[in-house]
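Residue strings, one per chain:
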Amino acid sequence: MGSDYESKVYKEWEFLGGKEKRWLLSYMECNVETKKPEKRENVDYQVKKVKDLIIQGEWKWDEIKLQQLFTPTEVTKIKEIHIPVEPEESRNNKLINEFPWKKFWRVRNIPPRIQIFVWRMLQNGLPVARNIKKHIHGINDDCRLCDRKVECMEHLFLYCQVTQAVFFASPLSLRIGECPNQSVQDIILQWMEEGGDHSKLKMGICVFWEIWKARNEVVFNKKKFSVQKVIQEALYWYNMKMEVVPTDVQLTEDDLMGAEKDYWEPPEGEKIKIDFDGAAGSKGFACGVIARDKGAKVLGCQNKIIDYCTADETEAFSALLAVELGFSKGFRNIILEGDSLHVINALKHKHYTANWKIKNTISGTRDELKNFKSVEFRYIRKNANNVAHNLAALAVSNRSSNVWLSTPPLDIVHLIENEQFVVS
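The structure presented is a predicted model; accordingly, all values stated were derived computationally and were not measured.

(A) Representation of helix α16 (residues 386–398) in the model. The end-to-end C-alpha distance of α16 is 18 Å, a good match for the 18 Å that 13 residues give at a rise of 1.5 Å each. Turning to α16, its buried residues number three or more, namely Val387, Ala388, Leu391, Ala392, Leu394, Ala395 and Val396. Among the residues trailing α16, arginine 399 stands out with phi positive, at a value near 50 degrees.

Pasting the structure below:
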């Protein structure tokens, strides 16, 4: 290289924001000639600014143009210069203009603190390691959860292997790895476009919220990251003030008649009635089912703890548990009875639009129904479903799952006897 020159690169990189720049000296950064490169013979190119040497969108040097303009040594030195991605200000302005913020703020039942968190996240305003390193040089910017990649917004919330485990284990069952190159904004927009009650949007951003909180616990309090705890806490926020009311629930005449009664009734003839219900408490969720004949005799009952669940899912799992109990006991003609009209309609009507969270469970339950000769579905009021509910509550309280093939647990015997007395 010529001894008369020191450097031939931009010292400043604000040209990405559109400012006019000159070739500036930067002797301390690299030993490259200072004069502007002259056009070589038989080379067809148009380079007026340094940004013309960068592949736009990929934010890396265009090696073909570099090799046309510079010597091999100069090319090596220039490639060592870090190219920042699109300026945050430019990207944020684009986001503000394009993201449907009015629609987002109108979504009901999302806690305000989580809405503000999402706003900051989409503005790239969270203090992830990469953002902090822009202001404090020399800090470790590795992901605090996996220690494999730089902790930026997309990596932390979408592509970190720990984060992906959370999303896959959550009610969303989301496989981020199947959607490469998506941003946080892309994912949130997809959830918003699904419309309806926006339950998937709410579940997703609650998971984002808890991932961020758990990450901070790892960084500042040296705690271990727990996938189970993140999902449980996300479900807590999801269920807060959540009122999912299906728009196409239809009450039949039998439903209306059953809903008017505050007491349980035995089945007719040789049919076996299996009541199901769910319960929730500070210790989690659980299902409870009980099978009785026309004489109100208990033929079997069962309860089961569920780790990750919502109110709708609990009811759906309870219906599945009722079917499994009936099959294990060898019943041929059954009546499934519960106080969730949403679940009853989803089981009764093939083309009924069920909530996305329970579709798989409902589908599995329908498959199991093929093992019976006849199946009826009945909707009853909560007061008439006391026994099944208390069985579920017993599982929540004891944090244990149990099966009683004939004699029911002592905790609910008095409820069964009361119902036997009423119908006798």
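(B) Here's a closer look at the nonpolar core. Within the largest apolar cluster, 47 residues are counted, with the highest numbers of intra-cluster contacts made by Phe117, Val118, Met121, Phe157, Ile188 and Phe208. Put simply, the parts of the chain that give this core at least two residues each are α4 (101–106), α5 (112–122), α7 (153–159), α8 (161–169), α9 (184–193), α10 (199–221) and α11 (227–239). Looking at which element gives the most residues to this core, the answer is α10, with 11 residues. In this structure, phenylalanine 117 is in contact with Leu126, Phe157, Phe208, Trp209 and Trp212, ignoring residues within four places of it in sequence. Of all hydrophobic cores here, the second largest spans 32 residues; its members include Ile274, Val289, Leu347 and Phe377.

(C) Quick peek at the sheet that holds strand β8 (residues 402–404). Judged by pairing direction, the sheet is mixed, and its 6 strands sit side by side in the order β7-β6-β3-β4-β5-β8 without closing on themselves. This sheet does not close on itself; its edge strands, each paired only once, are β7 (374–379) and β8. Strand-to-strand twist in this sheet, taken as the mean axis angle between neighbours without regard to direction, amounts to 15 degrees. As judged from the 3 bridges shared by strand β5 (residues 298–306) and β8, these two strands associate in the antiparallel manner. For cysteine 301, the partnering residue across the bridge sits in β8 and is tryptophan 404. Along the sheet, helix α13 (residues 311–328) makes contact with β3 (272–281), β4 (284–292), β5 and β6 (333–338), crossing β4 at roughly 35 degrees.

(D) Geometry of helix α2 (residues 72–79). For α2, the set of buried residues is Glu74, Val75 and Ile78. End-on view of α2: buried residues confined to an arc of 100 degrees, all on one side of the axis. Residues of α2 that are buried in the fold lie against β2 (60–61) and α1 (63–69).

How each quantity is defined
Each residue is numbered by its place in its chain's sequence as written, counting from 1. Residue-level local features of this predicted model are given only where pLDDT is at least 70; pairs of side-chain atoms are given and counted only at 80 or more, and the full residue set underlies all totals for whole chains, interfaces and linings. Excluded from the side-chain calculations are hydrogens and water; all other atoms, namely the structure's heavy atoms, are used. Secondary structure elements are taken from DSSP: a helix is a run of H or I of four residues or more, a strand is a run of E of two residues or more, and numbering for both begins at the N terminus. The length a helix should cover is 1.5 Å for every residue beyond the first. Only protein chains enter the accessibility calculation, which uses a 1.4 Å probe. A residue is then buried if its area is under 20% of the maximum for its type, exposed if over 50%, and partly exposed in between. By nonpolar core we mean a set of buried residues, namely Ala, Val, Leu, Ile, Met, Phe, Trp, Tyr and Cys, connected to one another through side-chain atoms within 4.5 Å. Note on definitions: a residue-residue contact is assigned when non-hydrogen atoms from the two residues lie within 4.5 Å. Note on pairing: DSSP must find at least two bridges between two strands before they are called paired. Orientation is described by axes fitted as lines to C-alpha atoms, over the contacting stretch for helices, and by angles from 0 to 180 degrees between their N-to-C directions. This arc is built from the directions going out from the helix axis to the C-beta atoms.

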